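In case you want the letters, here they are:
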Amino acid sequence: MSIPTQWTPTHGEPFRPVPYRPPRMPLQESLARAAELRERMDGRRTVRQFSADPVPEQVVRDAVACAATAPSGAHQQPWTFVLVKDPEVRRRIRAAAEEEEQLSYAGRLGEEWLAALRPLGTDEVKPHLTDAPALIVVFQQRYWLGEGGEKRKHYYVDESVGIAVGMLLSALHLSGLAALVHTPSPMRFLSEVLGRPVNEKAFAVIPVGYPADDCQVPDLVRKSLDQVLVEV
Ligand SMILES: Cc1cc2nc3c(=O)[nH]c(=O)nc-3n(C[C@H](O)[C@H](O)[C@H](O)COP(=O)(O)O)c2cc1C
């Protein structure tokens, strides 16, 4: 297992502005890119049946690097991405997740939640955790923890990590890979299996791979633009 290098926060440092002059995109190019991106993003679907085919690891690493460019509260970048390739670790994650999911689907979620999930066809069996060749387990750093054990508050952690995960999913999709945001509840077992420090809390497990040849997805309808956009 690789160990990330220690990050030194900029906490308390003075404001040091630098010029930012990105070239302005010509109008026609901007319109064309936006329309193409809209169409490509509309083709993204959550996949729950994965092929065991390996994925190009550099594509996954690049997608994580894209996610790590996300904006974050006070630029605290409160995220850790654990890339799990080891089949034995994936097997342990699946066993622990299915144990929790059995309780959830047996009634812990409550009827209202189970009814919301019914159209998705999900249940307590989670083959994607072992079929997909890679899992990205995303952790939120609830606070910063220095090497000497000193702590510092992090701000807007949920929002920051949510934005980073959105960027991760977009990068994976636009690079040709499929993914699933899996949120077994509770997720404490992920910290134990992956040996994460006490300041980190699991946010989601994201299996990454190619859809299985017989992959199916629920026939969902997305809200249209006029149902989500209010212009004033
Ligand atoms: C925060 C979050 C948690 C999710 N948790 C699960 C999950 O635990 N299991 C699952 O099968 N799908 C999960 N999903 C996937 C959603 O069910 C899926 O995004 C939704 O049905 C829309 O389908 P689409 O992604 O194909 O557009 C989750 C998605 C999000 C954003």
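Worth saying up front: this structure is predicted, and the values here are computed from it rather than measured.

Draft legend 1. Spatial organisation of the packing of helix α1 (residues 27-42) against helix α6 (residues 157-174). Packing of α1 against α6 leaves a shortest axis separation of 10 Å and a crossing angle of 95°. Classified by the interaxial angle, the pair formed by α1 and α6 is roughly perpendicular. The residues of α6 that touch α1, namely those facing Leu-37, Arg-40 and Met-41, are Ser-170, His-173 and Leu-174. Here the residues of the contact of α1 with α6 sort into 3 nonpolar, 2 polar and 1 charged.

Draft legend 2. Layout of the site of the ligand. Neighbouring the ligand are Arg-44, Arg-45, Thr-46, Arg-48, Leu-120, Thr-122, Leu-180, Val-181, His-182, Thr-183, Leu-220 and Arg-222. Contacts to the ligand include Arg-44, whose side-chain N or O atom sits 2.9 Å from an oxygen atom. Thr-46 places a side-chain nitrogen or oxygen 2.5 Å from an oxygen atom of the ligand. In isolation the ligand has 630 Å² of accessible area, and contact with the protein removes 65% of it.

Draft legend 3. Summary view of helix α3 (residues 87-108). Counted at 1.5 Å a residue, the expected span for α3 with its 22 residues is 32 Å, and the 29 Å between its end C-alpha atoms agrees. Buried within α3 we find Val-89, Arg-90, Ile-93, Ala-96, Ala-97, Glu-98, Glu-100, Glu-101, Ser-104 and Tyr-105. Next to the buried residues of α3 lie β1 (79-84), α4 (111-117), α5 (128-131), β2 (134-141) and α7 (188-194). Sitting at the amino-terminal end of α3 is Asp-86, which places a side-chain oxygen 2.8 Å from the backbone nitrogen of Glu-88. Looking one or two residues beyond α3, the residue adopting positive phi is Gly-110, at roughly 90°.

Draft legend 4. Focus on the pattern of salt bridges. The tally for this structure, following the rule as stated, stands at 12 salt bridges. When the shortest N-O distance is used, the salt bridge between Arg-94 and Glu-98 registers 2.9 Å. With Arg-94 and Glu-98 both in helix α3 and 4 residues apart, the pair spans about one turn of that helix. In this structure, the salt-bridge partner of Arg-118 is Glu-111, at a minimum N-O distance of 2.9 Å. Per residue, the accessibility class of Arg-118 equals that of Glu-111, and both read exposed. Several salt bridges share partner residues, and in doing so they unite Glu-57, Arg-61 and Lys-85 into one network.

Draft legend 5. Quick look at the pairing of β2. Across the 8 residues of β2, 8 count as buried, placing the element largely inside the fold. The side-chain alternation of β2 yields two buried faces, one formed by Ala-134, Ile-136, Val-138 and Gln-140 and the other by Leu-135, Val-137, Phe-139 and Gln-141. Judged from the 6 bridges that link them, β1 and β2 form a sheet pairing that is antiparallel. Each residue of the ladder has a partner; that of Thr-80, found in β2, is Phe-139. Note: β2 against strand β6 (residues 200-209), 8 bridges, orientation antiparallel. Paired with Ile-136 across the strands is Ile-206, a residue of β6.

Draft legend 6. Expanded view of the side chain of Lys-126. Along the chain, Lys-126 turns up in the loop between α4 and α5. On the basis of relative accessible area, Lys-126 is assigned to the buried category, the value being 5%. A distance of 2.7 Å separates a polar atom in the side chain of Lys-126 from the backbone oxygen of Asp-123. Not counting the four nearest positions on each side in its chain, Lys-126 is found in contact with Arg-94, Glu-98, Glu-101, Tyr-105 and His-182.

About the thresholds
Residues numbered from 1 in each chain as written. Predicted model: local features only at pLDDT ≥ 70, side-chain atom pairs only at ≥ 80, totals over all residues. Heavy atoms only, no water. Axes fitted to C-alpha atoms, helices over the stretch in contact; angles between N-to-C directions. Helix = DSSP H or I, 4+ residues; strand = E, 2+ residues; numbered from the N terminus. Parallel < 35°, antiparallel > 145°, perpendicular 65-115°, else oblique. Contact = heavy atoms within 4.5 Å. Nonpolar A, V, L, I, M, F, W, Y, C, P; charged D, E, K, R; others polar. Near = heavy atom within 4 Å. Polar contact = N/O pair within 3.5 Å; in protein donor to acceptor, adjacent residues only side chain to side chain. Areas by Shrake-Rupley, 256 points an atom, 1.4 Å probe, with all protein chains shown as cover. Expected span 1.5 Å × (residues − 1). Buried < 20%, exposed > 50% of the residue type's maximum accessible area, 1.4 Å probe, protein only. Salt bridge = Lys/Arg side-chain N within 4 Å of Asp/Glu carboxyl O. Pairing = 2+ DSSP bridges.

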